[in-house]
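Fold and geometry: a report
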Amino acid sequence: MSSYDNQNIFAKILRGEIPCDKIYEDDYVLSFKDISPQAPSHILVIPKGPYKDINDFSKNANNEELIGFNRAISIIADQLKLSEESGGKGYRLISNAGSDSHQEVPHLHIHLLAGRKLGPMLIPEKS
Ligand code: 5GP
């Protein structure tokens, strides 16, 4: 696997070199709206550390980073009233890793999608 590319677009957002529509930030994550939303709520959650995908992160991040990143998901889902616990109707998380998954930006990001019935998880393969 190749190493982390610190010129990717999310690294630039983290460094403040390009703007984002920020939803939430703490010591471990930055969360912002996806520029091309696929649902009424389409939020990206990224770790502040240089991890290219979930595989890299789950293998190499320290415990504090792992916990901080996971905790942020529920904080954001509750804050935006998307989780059922906060009165919402739920949400879907997607994280692409590698070429078959169609990952475009090589900095770990979780897509948090909500705000409508999201349908089946995958489009069936064409025969
Ligand atoms: P991937 O295909 O890597 O899982 O998803 C990358 C996501 O990043 C896409 O949904 C795309 O719309 C989003 N994206 C790409 N460039 C930007 C950007 O400059 N700003 C924001 N907010 N989202 C971006």
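Below, the structure is looked at part by part. Since we're looking at a predicted model, the values are computed, not measured. As a convention, each chain's residues are numbered from 1 in the sequence order in which they are written. At least 70 in pLDDT is required for a residue's local features to be given in this predicted model, at least 80 for side-chain atom pairs to be given and counted, and no such filter applies to totals for whole chains, interfaces and linings, which use all residues. For the side-chain quantities, the full set of heavy atoms in the structure was used; hydrogens and water were omitted.

**Some details on the nonpolar core**
Residues grouped as a nonpolar core are buried Ala, Val, Leu, Ile, Met, Phe, Trp, Tyr and Cys residues, joined through side-chain atoms within 4.5 Å. Remark: exposure states derive from per-residue accessible area (1.4 Å probe, protein chains only) relative to the maximum for the residue type, with buried under 20%, exposed over 50%, and partly exposed in between. Tyr24, Val29, Val45, Phe57, Phe69 and Ile76 are the most contacted members of the largest nonpolar core, which totals 17 residues. Those elements that provide at least two residues to this core are strand S1 (22-25), strand S3 (41-47), helix H3 (63-79) and strand S5 (110-114). The helix count covers DSSP runs of H or I at least four residues long, the strand count covers runs of E at least two residues long, and both are numbered beginning at the N terminus. The element contributing the most residues to this core is H3, with four residues. Contacts: residue pairs with any heavy atoms within 4.5 Å of one another. Apart from the residues lying within four places of it in its own chain, the contact partners of Tyr24 are Val29, Leu30, Ser31, Ala72, Ile75, Ile76 and Gln79.

**A look at the pairing of strand S2 (residues 29-33)**
The buried count for S2 comes to four of five residues, which makes it a mostly enclosed element. Strands are treated as partners if at least two bridges between them are detected by DSSP. Remark: three residues form the turn of the hairpin made by S1 and S2, two consecutive strands paired antiparallel.

**As for the pattern of salt bridges**
Just to be clear on terms, a salt bridge is a Lys or Arg side-chain nitrogen sitting within 4 Å of an Asp or Glu carboxyl oxygen. Applying the stated rule across the entire model yields four salt bridges. In this structure, Lys48 and Glu25 form a salt bridge, with 2.7 Å as the shortest nitrogen-oxygen distance. Pair noted here: Lys48 is in the loop between S3 and helix H2 (54-60) and Glu25 is in strand S1, with a separation of 23 residues, a long-range link. For Lys48, a relative accessible area of 32% puts it in the partly exposed group. When salt bridges with common partners are traced through the structure, they connect Lys22, Glu25 and Lys48 into a single cluster.

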